[in-house]
Each structure stands twice: as C-alpha cells, then as structure tokens.
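Understanding the architecture of this molecule
Take a look at the letters that make up each chain.
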Amino acid sequence: MGLLSDPNRRKALTNLLTRLNTPICMVCYLAAIVWFMGLAFEPFTLRTYMSENAMGSTMVEERFSAGERALSTAKEFDAHKRKAGGMPVEWLVKSMQARGLEVFTQSFSRKLPFPDENKERYMVHGTNVYGILRAPRAPRTEALVITAPCSPGNSNNQAVGLLLALAQYFRNQVYWAKDIIFLVNEHDLIGMQAWLEGYHHTNITGMDYSPLQGRAGSIQAALSLELSSDVITSLDLILEGLNGQLPNLDLANLFYAFCQKLGVLCTIQGKLQRNDWDSAEGYTHAAQTMMLMVLKQACGRSWGDHGLFLRYHIEAASIRGINSFRHYKMDATTIGRLLEGMVRKLNNLLERLHQSYFFYLLPSLSRFVSIGYYMPAFGLLAVILLLRALDLWVHLGTPALEAVDGVGEAEQPSSPGVLTVLTPVVISHLTGVALYLLPVHLQEMAVEHFPVSETEAVVLTAIAIYTAGLALPHNTQRLLSGEGTEQGWKVLKLTALLYLAVLLGCTALINFSLGFILAVTLVPITASITPNMPKALSALAMVLLSPAFTILYCVFIYQELVEVPVGFSEGWMLFLSVISQGILDHALYGSLVFEHPAGGYKKIFETVEELNEPLPATVTGRIPSFIKGSLLRLGPGLFEVGAEPFYHLFDGQALMHKFDFSNGQVTYFRKFVKTDAYVRAMTEKRVVITEFGTCAYPDPCKNIFSRFFSYFKGVEVTDNCLVNVYPIGEDFYAVTETNYITKVNVETLETLKKVDLCDYVNINGVTAHPHIEKDGTVYNIGNCMGKGASLAYNIVRIPPKQKDKSDPIEKSKVVVQFPSAERFKPSYVHSFGMTENYFVFVETPIKIDLLKFLSAWSIRGSNYMDCFESDEEKGTWIHIARKHPGEYIDYKFRTAAMGLFHHINCYEDSGFIVVDLCAWKGFEFVYNYLWLANLRANWEEVKRNAMIAPQPEVRRYVLPLDPYREEQGKNLISLPYTTATATMRADGTIWLEPEVLFSGPRQAFEFPQINYKMNNGKNYTYAYALGLNHFIPDRICKLNVKTKETWVWQEPDSYPSEPLFVQNPDGVDEDDGILMTIVVSPGAQRPTFCLILNAKDLSEVARAEVDIISPVTFHGMYKP
Ligand SMILES: [Fe+2]
C-alpha cells in the first residue's frame, strides 16, 4: 500500500513502468506465447482421473454380444432408407416397437436464412423418431439419451443398427434406474435442435416442430453415435459444443476408462496418444492435438449432435468411428460393449456429472490442462493492454502534473472534445451491428443486382461491410479533428485499449480459445500502433492482424494440423465457406447468449413494510378523466416471520395495495390485512397458522401435554386473504380460498372483521373468483359435504344490497350442487364459468385427499400442498347446471387431464356453450412449481424448473346443450367458427377436444380479464392477460379470441401483474377502455408504478410512479 500512497514512490513506479513500457510489453507477449505452447508440455498437464466414485470402469461386466445382428439391422435400415428416399420413418417406428420401446415421432421444419452451399435448400423438413425404454422400477424423473444422426447424404447406418441392437439388449436388463431414450434424428443438428427444443418446450431459433408426445424425465447425459465408415479402426471422442462449451471432463474420463478396459483404440481430434511425451516428437504431437482443440473450440460451432445438449446443461459427447489406423479393426460388438458400459455407469450416477472440470484443454485423452494453467497465458496478453493504457495515461497527464508541481489532477488545458472519441466508437459499433444484421437481410437485393447466388451474396456483403468498417472510424477521426492532435489520438487510443481489454477478457471467460486467439493478433497491433508510423505500413498491419485475417490463418493452420494442407486458392474458398457456415450456424442454432430477464424478479418475492400514509406518485402521460376511483390489489407482503420463512408463493401474509386517482393526482397506499394469521404471527414471532405450503409447528414454549392436546384441536384453517378483493352488498372483502373472508375498509385499508362462511351456508371454502352480476348478486363455488357423506360442490348465491340494510351474507343460499367424480376426493377448484342461463364447472384430476387433510395434517405437521394428488387416468370432467331454477344437468362431458385455474369467459351460442380457459397441459399440479425457492432462483434455474412443469395453453371447449339428439361417434359441434369437437361415446359420455386459441412454449397467458361488465357470459372478442415467462410475469398481452391475433406490452426487467379492464363510459367497442396494472421495475429510480394502457393496442396512456418497491400481487379490482 505504501508504494501507491507515497507520491514519490508512486512517481518512481510509474516512471519505471513508462520508461520500460515497451520492453515489458514485449516480454509479456513472448511469455504468453511460450506459456501457451508450454501447456502441452507434460509437467504442465495433469493426469485425468475419474472424480465420480460411481463411475469407475470396474464393477460392470459388459455382456452385449449382438454385434452381428446390429450390422444386419444396419443393412436393413440402409435398404429402407434408399427405398423411402430419406428417413424410413415407418420402418424405424416398427423396429423400435418390436424392441419393446414406447415409440414417438416428431416432425419439424426450418426455413434457412439462405441456402447452405452444399445442399442448396431454403427449407429443411424432417422427422425424428425416438423410443423410450422405461426404467422398470424407478419413477420417470431422469433419463439418458443415445442418438444416431441420420442425414439423406451420409450413411450413419451402422450407428442406427447398433442403437437398435442396444435397445433390444437393454430391454431385457433389469438394472435401469433411468429411462433411456433412443433417438434417430433426421438432418443431423437441425433435427437434434428441433427435438431438444420440443423436449424442453423452448423455441429459441424459430424452428417449427410438432410437440413431443412422449417424454421421460430430465436428461442427465447424452451420447451421440457417428459410425459412417465401413471399417472402424478407432473411436474418436468429440467434445466441442456450441459456443465453445465442453461437457464435464468426467464424461471423457468415462469413455477413456472403458476404452482402456476393453482394449479399444481411442483418439481425440483424430490423433492417437503417444507414449514418448518427453521426446520432441511426443511434445509436438501433444501440442498439435491441443491446438486443434483450441481452434475447434474457438470457432464456436457444435461439432456434433452433443454440442446442442450442452446448452441445456446436459453432459454430452459424440463418439465417432474413424478408419485411420490400418492394423486395427474393431467389431460392432466391442463398440456395443463400450456403450453398454458407459450407459450403465451413467445410469448408476446419483447426481449430474459435476465433480470434475468444465473448463479444460486436452493434449491427449489421458492428460489435461486445467483452467488455472491456461488462463495466465491470456492474462499476460491482457496485461499488455493495461500497461499501454497506463503509459498513455501518464503521458496525457504529464504537462498538467508539471504545471501544478507534480501533484493533483488538474484540467487539461486543451483536452480533446468528447466527439473525437465518441464518434469513432459509435461508428465502430454501428458497423458491428450492420455486419450482424445486414448480410442476411440484403441477400435478395444483392441477388437481384449482381450475378451471385444467395450464399455468395451473404458472404460478399459481410466482407464488404467488414472492409468498410475497417476504414470508417479512422477516416472520421481525421475529419473531426483536422489532422488529429497529439492529445486527440492518445485519448482515443486509451479508450480503445481499455475497451479491447474488457472485451477480450469477457470473451476469454466464456470461450478461452476464442479470447486467446483474438488476443494473439489484436494485442500487438493495438498496443503498438501510433499515427507516427508510415501510413501504408500501419494500414497493412491493421488489416493483416484484423479478426477476418485471423480466421483465414486459422483455416490454414487447421488444415495443416489435420494433415490435409491446402494451397492459397483452396484456402480462400474454405475461408469463404467458413464465413457462410458461421452466419448460418448462428441463425440456426442461436447466438452466444439468448435473451432473459435480469434477475430483478427476485425482488417481487421479498418482504416489505406497510405504509402509514399514502405516498404521492409522479404521473407521466395523461390519466383519462373517467379514472377517478381506486385500484385495489392483494398479494403476499411478509415472506417470513422472524427466522421462520414461508415456503410457497401463496403463503406470505396478505398485503393490500391501493392506487387512488382524483383529478389527475395519484397516491399509493398499502397495509397488511390484520388477519388472525398475521396478528398471531406478529405476536408470537413465529408461524402460528399453517399456510398453503408452510406448516405451523406447535408452540415450543408449551409443555408436552398442552402440545399433545393442541394436536386434537382440529385443523386451524388460515384466513390469510392474499388472493383477491371483491364487493358483497356495500362491503368489500379480502379473500383467499378457505371459509374465512375478511371485511376491509377500502378507504383506510383497515381490517374490520373476519367472517366464517360456514356459519351461513353449507360450504368448506369458496374460490377467490366469484361472478358478480350487474345488480351486485354474487355467485361462488366451493366444495362441501353432499348427500350420504360424500363430497360435492355447491354454488352459493349471495344477494345484492338489502333494503333493510341487513348483511346480504346472512341471506346466502346454495342454488345448485354438482356431484364429485370421486366420493372422498374433491378436485381443487379455483374458478368457474357463468353464462346467462348456465353455470360451468370444470372438475380437474387435481384432487384433495381429504383423509390426509383431516388426519395427517394436524398430527404430522403437513400443509395444504401435501394433501394434493393427481392422476393422469382420471381425466377432466366438465359439468353444467341450469341457473334459474338451479338444476344440475347430468351430461357426462369428459376430456383429457388438464390443470385449470382461471376461466376466461363462457357464453351460449345456438344451442352450445363456448368455454374459454387458461389451461395447463397434463395432470401435474402447477402449484408444485410455485415454491418461492424456485421463483427466486437464478434465471437459468428458473427456466430449468419451468421446463419440466406443465405447459400453458389457452383453450376453447364447446359443449352441446342438446347432445342426445345426435348419433354416436359423430362430431356434435356445428358452430362454424371453431374446430373444437364433442363426440358421443358408446358409454354415454361426450368426449371433448379443444380448439387452441393461444399456445407458446413456457409462455403462459394467465390471470385473464375481459370487458366483464359488457361481455361476461356473452359472446366476446378480446381477452387480456398477464404473460408469464417460465412463471415469471414479464408482459401484458391481449388476444382476439376470434382471429387469434395478439398484442404485447413489455419493458426490460419490469414485472407487471394482472391487467384490469376499465371501460371508457363514452366508448362503444368492446375494447374501448384502458387496462390498469401494477408494474414493479426493481432497477428503476421509482420502482413501482401503476401503468395505464390503451386496451385497443396496449400503447401506454399514463403511469404513476412511486419511490418504493412493491412485491407481487395476484388479483384485485377497480373501484370506481
Ligand atoms: Fe386466481
């Protein structure tokens, strides 16, 4: 420290660094190169070893013996492939089925941005075929994948033959703990990409694919087989994946260990390992192998199917059979045994591979260089940039320093303008953007005006923009500052040096090889160039050491290393195809990092304090004059009590929010609802009442006897009303889904009283989504004890405001009862539908196990979440009942299992009821994915979690009101505008298939709203909703349910909530009005705002911001 704080010593140090700057830089550069080349030198490397205990090659005896059969299957496959003129889908399906697999197909198509040069095509169509071998005695939670890519041109027949033979053999073994997926993917990487996106429900590259019908659990590892050569002498392991990603080193170790055990000749980069590492030849060989890896990694493409798995954090490698070592020959049985061993070892793993290195270079299969050893080589290059920057900094400051006696940071007398520096920087960036976007977009124009093909057009445009980009910043800088002042170029160069250092540093962290190769060429020229050099010389040096030329050199070096040297013209052609392939790969498989929200969403799940008085909000835009009331919303606000956390999204204690509007002035206010759950938690400083996913444990202070008796006091049901608020008569109630509702004063947000609905009506609890008619009549649904002690669901009617001023709740009545599909297990019900004359109730297979609920719950300390169960077999029942007079109509509408929370709308049309729902595919309970720990995780983790969750979909079901008139087996729906169907079956049930109104993988249209006043229960056109991106709310959407057109409002790192529709009193159209939502933007200066959007096109009308953060809210209302 003394060295830097003592001005004299500091000056001496800077003097030394300035004086010796050039020699130090040169030494650093040389040291970097020597260090890098030395990495392949034996003492620098470490011996590879298996880090996972479960994975040693011993303890497994390989018994696969069907190599001959694999070869004959391969021949059969080849014959069928020729006959079909492509992938023989039918034959594959049959062959896999014959081997006892569950077989599925997936069709896909992808439009290429420009035709690839080998195949001259724009459109790629194909079909993937895969079979799942279910683990005999394990849950379907984990899977392994073996793939064999299949392209029309190449013949990977042996791989397909071996894959099928392995499937047959594996089928008869009992030790599998993971499902095994056997996949034959058409068109190599494109098919692989379609399958992976289908499996993970993502769509990041604009691929069109049919959804996968069959899935296994989360994929733990994958192996891709490429056996194109007729004679195979050795197996080559390929690790380099997309953007330079590598699988865990243990996967390579596993391969190597089994090769050793079975005596199989194995290579990496096509090169055998030599034993004489201490000799010069030995070292050169290892260095070449390592260099090949560096080059392959730097180019960022996926060198096999496996490379695409890595994006999903699935450890994967390709195994390629090669024919380079004449004396050896390997039979299919040995390869089969090797795979058997590897798959069995992966099957034994309890966790994903994680023990060993993810960042490494391999000079051979038995030795590796870890990140700690190779990073200094890059560091030495980066230091040069910083030393040069320091030198310039000192020179820039020197005159000023002398003027004020060597101390201080005085202003520069003639400091160059900001424009001198900024302009070239901006232009450089713009050239980059142009280079990124224009080549593909300008191809049509180029093809029209010049005699070139599309591919040539793209490559030539890229080269033209690049060349222009090299000249532009230089020339502008000259123009701006005349001949360029001494100060001017120094400041610009200083900026460039620091900029480059940051850029290369980031690149090297993501992809060391790319960072290092760029640094080797860019650092010397950036460090040494000055305007004092001869112009022609500096221009030449700059061009020759620019990234494009680096690619050119790499092409030649690569050809040299793989022992297929090329001449200049051949090399140039290769260079051009590398550029086209690079642009194509980028478009096909995706960029370095794909878009994701910043981590700000974690903030909406954090505890906040209530307010003592309303906060004034800052308004931008003009608030419509008809907005004069209050926006009321509810959500969790307290996520832990003392040291005890709440675990589930629906557990935090209810916080009521209010935005008040009057004369264009807006205020924000919030208060905790003082429920028993809240008050007792605050008093006892612990969770006292069990919440949805958090159990309250007995008071530790009580003695054992009083604790024992407290078990038998029965279930203490929560009144934590964090879900919604709605009016009954003249009062307002904050609600959750139990029998307790809480009366609140919506002016002061004070809590008035707790009401137990069980006192008035036979109900165990009601939903937070009642229907409210224009006169104020409230209808709601909940489960109850029906006749004969079995479960049922009651629709309750609460009348409007009473003339005698009595509480309407006292006049609550059950108007109709729906039976339960299962006697003791009612379904979870979150909302229901109501048309002018009917009630619609969807009974999903997500059941509440009442027995657990009543017994185990109070004794074992479980919570509500523990009492849910769901079963695929059960399917979904849809019930209807007449409203006046209340009467259940016993039509047996059935459809496949689904999850459902929110009805959008229902209406009657020509003898049918149209039911629009925000459905979740499958039978799994979506709430299982809404634990706070999942929602607060990092984005990658959030996505991974959402990938295995049910998929959202907006669906339209149509129910015939007079179904018995028609015949069996015929579609009963005759509405012209829908593709939904209803078919009468022999057993008297009516099977419904929906029309999908909106579907986006992992993108939910949820918390739906409509113009309720005008259209509830009636034919309608528009629905509005909150967009959930992997369960994180990040946009507002509008959907035209007739045309399926959509609109979106979105801002970066902003998290909106349910959009409430308020009609413009002068409006005529259904969407004449505004949407109101509370948006949380944690990074903003005023992080919470009430956003008002025009409901027509989701354009912003106004926002009222406050300087305080707000947590997530679920539902609410606008009170005029
Ligand atoms: Fe809801």
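Residues numbered from 1 in each chain as written. Predicted model: local features only at pLDDT ≥ 70, side-chain atom pairs only at ≥ 80, totals over all residues. Heavy atoms only, no water.

What the protein chain contains, in helices and strands, is 26 helices and 48 strands. Taking 32 Å as the expected radius of gyration for a compact globule of 1120 residues, we find that the protein chain reaches 34 Å, a close match to that expectation. Overall size of the protein chain, expressed as C-alpha extent along the three principal axes, is 100 × 90 × 75 Å. For the protein chain, buried positions account for 55% of its 1120 residues. (Helix = DSSP H or I, 4+ residues; strand = E, 2+ residues; numbered from the N terminus. Rg over C-alpha atoms; globule rule 2.2 N^0.38 Å. Buried < 20%, exposed > 50% of the residue type's maximum accessible area, 1.4 Å probe, protein only.)

Before going further, it helps to examine the UniProt feature "binding site: Fe cation" (unreviewed entry) in the protein chain. When the UniProt feature table is mapped to this numbering, "binding site: Fe cation" (unreviewed entry) covers His 769, His 830, His 902 and His 1115. Taken along the chain, the residues just named run across 347 residues; in space they keep tight, none of their C-alpha pairs more than 12.6 Å apart. Within the fold, His 769 resides in the loop between strand S23 (751-756) and strand S24 (771-772). Contacts of His 769, omitting those with residues within four sequence positions, involve Asn 724, Asn 780, His 830, Ser 831, Phe 832, His 902 and His 1115. Here His 830 takes part through its side chain, which lies 3.1 Å from a polar atom of the side chain of His 769. Tracing the backbone through its elements, the reader meets His 830 in the loop between strand S27 (813-819) and strand S28 (833-834). Classification of His 830 as buried rests on a relative accessible area of 6%. Looking at His 830, its side chain comes within polar contact range of the side chain of Glu 737, at 2.8 Å. (UniProt positions renumbered as here; feature names shortened; annotations may be inferred. Contact = heavy atoms within 4.5 Å. Polar contact = N/O pair within 3.5 Å; in protein donor to acceptor, adjacent residues only side chain to side chain.)

So, on to the nonpolar core. Nonpolar side chains tend toward joint burial in soluble globular proteins. With 113 residues, the main nonpolar core has Phe 170, Phe 182, Leu 235 and Phe 255 as its most contacted residues. Setting aside anything within four residues of it in sequence, one finds Leu 235 in contact with Leu 227, Phe 255, Val 264, Leu 265, Cys 266, Thr 267, Ile 319, Arg 320, Gly 321, Met 330, Ile 335 and Leu 338. Counting residues in hydrophobic clusters, the runner-up holds 105 residues, among them Ile 728, Trp 939, Met 1076 and Cys 1090. (Core = buried A, V, L, I, M, F, W, Y, C linked by side-chain atoms within 4.5 Å.)

Summed over all chains, the structure comprises zero disulfides. In this structure Cys 259 is a free cysteine whose sulfur lies 4.1 Å from that of Cys 266, the closest cysteine sulfur available. (Disulfide = S-S within 2.5 Å.)

Mapped onto the secondary structure, Glu 1058 falls in the loop between strand S43 (1046-1049) and strand S44 (1060-1063). On the basis of relative accessible area, Glu 1058 is assigned to the buried category, the value being 2%. C-alpha of Glu 1058 to C-alpha of Pro 1033: the two residues are 25 residues apart in sequence and 9.1 Å apart in space. Not counting chain neighbours up to four residues away, the residues in contact with Glu 1058 comprise Arg 633, Phe 1007, Gln 1009, Leu 1026, Met 1076, Thr 1077, Phe 1114, His 1115 and Gly 1116.

Looking now at the packing of helix H9 (residues 280-298) against helix H17 (residues 512-528). Relative orientation of the contacting elements H9 and H17 amounts to 100 degrees, with a least axis distance of 7 Å. With respect to H17, the element H9 is oriented roughly perpendicular. Side by side, H9 and H17 meet where Val 294, Leu 295, Gln 297 and Ala 298 of the first sit next to Ser 513, Leu 514 and Ile 517 of the second. Tallied by class, the residues present in the contact of H9 with H17 amount to five nonpolar, two polar and no charged. (Axes fitted to C-alpha atoms, helices over the stretch in contact; angles between N-to-C directions. Parallel < 35°, antiparallel > 145°, perpendicular 65-115°, else oblique. Nonpolar A, V, L, I, M, F, W, Y, C, P; charged D, E, K, R; others polar.)

With that settled, consider the domain arrangement of the protein chain. If you check the domain split of the protein chain, you get domain 1 (64-274 + 301-347) and domain 2 (604-1119). Placing a centre on the C-alpha atoms of domain 1 and another on those of domain 2 gives a separation of 45 Å. Taken residue by residue, the interface counts eight residues in domain 1 and seven residues in domain 2. Carbon and sulfur atoms supply 62% of the area that domain 1 and domain 2 bury against each other, a total of about 650 Å² over both sides. A per-residue breakdown of the area domain 1 buries against domain 2 is headed by His 200, His 201 and His 313, which together make up 58% of the total. Seen at the junction of domain 1 and domain 2, the total is zero salt bridges. (Domains from an automatic or database assignment. Buried area = accessible area lost by both parts, 1.4 Å probe. Salt bridge = Lys/Arg side-chain N within 4 Å of Asp/Glu carboxyl O.)

Moving on to the coordination of the iron ion. In this structure, His 769 (NE2), His 830 (NE2), His 902 (NE2) and His 1115 (NE2) serve as the protein donors to the iron ion, at separations of 2.1 to 2.2 Å. Viewed at the metal, the four donor atoms of the iron ion are separated by angles of 90 to 161 degrees, and the geometry they form is irregular. Considered as a linear motif, the donors of the iron ion on their single chain read H-x60-H-x71-H-x212-H. One end of the pair, His 769, is in the loop between S23 and S24; the other, His 830, is in the loop between S27 and S28, with 61 residues separating them in the sequence. (Donors = N, O, S within 2.8 Å, 3.2 Å for Na, K, Ca; no water. Tetrahedral: all angles 85-135°; square planar, octahedral: opposite > 155°, others 65-115°.)

Moving on, we get to the UniProt feature "transmembrane region" (unreviewed entry) in the protein chain. UniProt's entry tags residues 20-41, 371-390, 496-525, 537-559 and 571-594 with the feature "transmembrane region" (unreviewed entry), counted in the numbering of this structure. Between the end C-alpha atoms of residues 496-525 there is a gap of 12 Å, over a span that is 97% helix and 0% strand.

Enumeration over the complete set of coordinates arrives at 49 aromatic pairs. Geometrically, the ring pair formed by Phe 170 and Phe 182 is tilted, given 6.1 Å between the ring centres and 50 degrees between the ring planes. Of this pair, Phe 170 sits in helix H6 (residues 157-171) while Phe 182 sits in strand S5 (residues 179-186), and the two are twelve residues apart along the sequence. Classification of Phe 170 as buried rests on a relative accessible area of 0%. Between Tyr 828 and Phe 925, the ring centres sit 5.5 Å apart and the planes meet at 65 degrees, which makes this aromatic pair edge-to-face. Pair noted here: Tyr 828 is in the loop between S27 and S28 and Phe 925 is in the loop between strand S35 (912-921) and helix H24 (932-935), with a separation of 97 residues, a long-range link. (Phe/Tyr/Trp six-rings, centres within 6.5 Å; stacked < 30°, edge-to-face > 60°.)

Further remarks concern a nonpolar patch on the surface. A cluster of nonpolar side chains, Val 418, Leu 422, Val 426 and Leu 430, forms an exposed patch at the surface whose accessible area comes to about 380 Å². Looking at the secondary structure, you find Leu 430 in helix H13 (residues 418-441). (Patch = residues over 30% accessible without salt bridge, like charges linked within 9 Å, V, L, I, M, F, W, Y side chains within 5 Å. Areas by Shrake-Rupley, 256 points an atom, 1.4 Å probe, with all protein chains shown as cover.)

Moving on, we come to helix H4 (residues 67-84). Under the 1.5 Å per step criterion, the end-to-end length of H4 is 25 Å for 18 residues, consistent within 8% with the ideal 26 Å. Along H4, the residues that are buried comprise Gly 67, Ala 70, Thr 73, Ala 74, Phe 77, Asp 78 and Lys 81. On an axial view of H4, the arc spanned by its buried residues comes to 150 degrees, and they lie on one face. Facing away from the buried side of H4, by more than 90 degrees, are the exposed residues Glu 68, Lys 75, Arg 82 and Lys 83. Contact partners of the buried residues in H4: helix H5 (89-98), strand S4 (142-150), H6 and helix H11 (332-348). (Expected span 1.5 Å × (residues − 1). Arc of directions from axis to C-beta.)

This part is about the packing of helix H3 (residues 21-38) against H9. Where H3 meets H9, the axes come as close as 9 Å, and the angle between the chain directions of the two elements is 105 degrees. Taken together, the axis directions place H3 and H9 in an arrangement best described as roughly perpendicular. Only Tyr 283, Met 290, Met 291 and Val 294 of H9 make contact with H3, whose side of the interface consists of Phe 36, Met 37 and Gly 38. Split by residue class, the contact of H3 with H9 holds six nonpolar, one polar and no charged.

Below, the discussion takes up the sheet that holds strand S12 (residues 367-370). Here three strands make up an open sheet; going across it, the order is S1-S12-S11 and the pairing antiparallel. For this open sheet the edge positions go to strand S1 (46-47) and strand S11 (360-364), each flanked by a neighbour on one side alone. Bridge analysis of S11 against S12 gives three bridges, and the strand direction is antiparallel. Bridged to Ser 364 within S12 is Arg 367. (Pairing = 2+ DSSP bridges.)

On to the confidence of the model for the protein chain, then. In this model, the protein chain carries a mean pLDDT of 85, and residues with pLDDT of at least 70 account for 91%. Scored below 50 in pLDDT, residues 400-413 shows ten contacts in the model against residues more than four places distant or in partner chains. Here residues 702-713 is a poorly scored stretch, pLDDT under 50, and it has nine contacts once near neighbours within four places are set aside; other chains count. (pLDDT = per-residue confidence, 0-100.)

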